[in-house]
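Next come the chains, spelled out residue by residue.
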Amino acid sequence: MGDLFEPALIDPPFSFPKGKGYLIAPNSESNGYDLTVPNGSIFYAGNYFEPRISDRMVEYLQETDGRDWRSIDWRQIPPELIEEIRFTNIKWKQDWINFFGKRKPLPRLTSWYGDPGKSYTYSGIRSEPNEWNKGLLYVKEAIEKCAKVRFNSVLLNWYRDGQDSLSWHSDDEKELGQQPVIASANFGAERDFIIRRKDDNSQKITFPMRHGTLLVMRGELQKFWEHSVPKRKNVRGSRFNLTFRRIDPAD
């Protein structure tokens, strides 16, 4: 009787492995699912943020001074000109990597925000934190209620369309600590987020990251698993991914 008036959760929108070390349970408090996998755990809520908040975030993340973001084809803007655009709320930038001796743009735009001194280095790219703003703090505080963690930084990734992607990797940088909690909020076009075991790539889970989805990774997941956002040619719209973290150099 105690559960009679609890909101019902339908079956999860992803295939979850069965077997030793794999457990899935509904989380009615946060309208999502608690997943246990070997060497880690995950929380997934496909609609954690209500549509009006998610819609506003898509606007907030693209707004520019004096231009209508809805009419801009972001794919057609040369990478070297991105930082010349006067974005209203987010300081987007185009990062570059050396690939077989050639300088190439990352297949996405990025930005880094956080508490003073919380710099972050990944793929040889060092980012100094921009100062928190009202929109990012709103999302951070909403996620902290679920994750029960105080985050001090966030990496923003802008996938302009299905051509932008993220290759296989783990968030295992030293400054994140031994068992980091990574909370990923998603707004805009739906994209696949895939995790797989490092020692057995056949063990994988594909999560649909929808408009308003929240996914939280915990435990030793970054040590034993890796993740990616593969290209999807049929995706035309932008997807914004905000991954909140704790930078603790002392760890």
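Right above here is the structure, for reference.
Residues numbered from 1 in each chain as written. Predicted model: local features only at pLDDT ≥ 70, side-chain atom pairs only at ≥ 80, totals over all residues. Heavy atoms only, no water.

1. A short note on the packing of aromatic side chains
Across all of its chains, the model carries 14 aromatic pairs by this definition. When the ring of Phe14 is compared with that of Tyr44, the centres are 5.1 Å apart and the planes differ by 80 degrees; the resulting orientation is edge-to-face. Taken together, the residues Phe14 in the segment before β1 (23-27) and Tyr44 in strand β3 (residues 40-45) connect sequence positions 30 residues apart. Using a relative accessible area of 8% as the deciding quantity, one classes Phe14 as buried. For Tyr44, a relative accessible area of 1% translates into the label buried. Among the aromatic residues, those joined into a cluster by ring pairs are Trp74, Phe87, Trp92, Trp158 and Phe240. The ring of Trp132 has Lys140 sitting right over it, with the charged end atom 5.5 Å from the ring centre. Of note, Arg196 hangs over the ring of Trp168, and the distance from its end group to the ring centre comes to 3.7 Å. (Phe/Tyr/Trp six-rings, centres within 6.5 Å; stacked < 30°, edge-to-face > 60°. Helix = DSSP H or I, 4+ residues; strand = E, 2+ residues; numbered from the N terminus. Buried < 20%, exposed > 50% of the residue type's maximum accessible area, 1.4 Å probe, protein only. Lys NZ or Arg CZ within 6 Å of the ring centre and 35° of its normal.)

2. Points about the pattern of salt bridges
Once the charged atoms of two side chains with opposite charge are near each other, the side chains can pair. Tallied over the entire structure, the rule returns 19 salt bridges. Taking the shortest distance from any N to any O, the salt bridge between Asp164 and Arg160 comes out at 2.8 Å. You'll find Asp164 and Arg160 in the same group, each marked buried. Between Glu190 and Arg210 there is a salt bridge, and its shortest N-O distance comes to 3.7 Å. Note that Glu190 is positioned in the loop between β11 (182-188) and β12 (191-197) and Arg210 in the loop between β13 (204-209) and β14 (214-218), a separation of 20 residues in sequence. Accessibility expressed as a relative area gives 42% for Glu190, which makes it partly exposed. A single salt-bridge network, built from bridges that share partners, covers Arg56, Glu59, Glu63, Asp68 and Arg70. (Salt bridge = Lys/Arg side-chain N within 4 Å of Asp/Glu carboxyl O.)

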